[in-house]
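Analysis of the macromolecular model
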Amino acid sequence: MLRDLPDHGLPLVQLKELRRDMVVALQKRKGAVSTEELMRIAAVQAAISAFEDVIADLDAELEAAA
């Protein structure tokens, strides 16, 4: 049932792809991971979590209205 709900125009998929690309780039590299790189990944993850929360709220509102 949740698969039929709209994505609300939010860039969730793009953010998840960005996070994956960032992590893969780090895995292919040799050497230590900088604090700045970890902070960038953490910021993308925080945005993903926020979007998922917003989508869950919007979906709940849509289901309640139906």
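Further up the page is the structure itself.
The sections below set out a description of the structure shown in this document. Residue positions are given per chain, counted from 1 along the sequence in the order it is written. Two thresholds apply to this predicted model, a pLDDT of at least 70 for residue-level local features and 80 or more for giving and counting side-chain atom pairs, whereas whole-chain, interface and lining totals are computed over all residues. No hydrogens and no water enter the side-chain calculation; it runs on all heavy atoms of the structure.

**A few points about the nonpolar core**
Where we set the bar: By nonpolar core we mean a set of buried residues, namely Ala, Val, Leu, Ile, Met, Phe, Trp, Tyr and Cys, connected to one another through side-chain atoms within 4.5 Å. Categorising residues by exposure relies on relative accessible area from a 1.4 Å probe, with only protein chains included: less than 20% of the type maximum marks a residue as buried, more than 50% marks it as exposed, and the intermediate range marks it as partly exposed. Each helix corresponds to a stretch of at least 4 residues labelled H or I by DSSP, and each strand to a stretch of at least 2 residues labelled E; elements are numbered beginning at the N terminus.
Counting residues in hydrophobic clusters, the biggest one holds eight residues: Leu-12, Leu-15, Met-22, Leu-26, Ile-41, Val-44, Ile-48 and Ile-55. For this core, the secondary-structure elements that each account for two or more residues are helix H1 (12-28) and helix H2 (35-65).

**A word on H1**
Worth spelling out the cut-off: Given a helix with a known number of residues, its expected span is that number minus one, times 1.5 Å. The arc in question is the one traced by the directions running from the helix axis out to the C-beta atoms. Pairs of residues are marked as contacts when any of their non-hydrogen atoms sit within 4.5 Å.
An ideal rise of 1.5 Å per residue puts 24 Å on 17 residues; H1 measures up with 25 Å between its terminal C-alpha atoms. Within the span of H1, buried status applies to Leu-12, Leu-15, Met-22 and Leu-26. For H1, the angular spread of the buried residues around the axis is 90 degrees, confining them to a single face. Exposed side of H1, more than 90 degrees from the buried face: Val-13, Gln-14, Gln-27 and Lys-28 are the residues found there. Close packing links the buried residues of H1 with H2.

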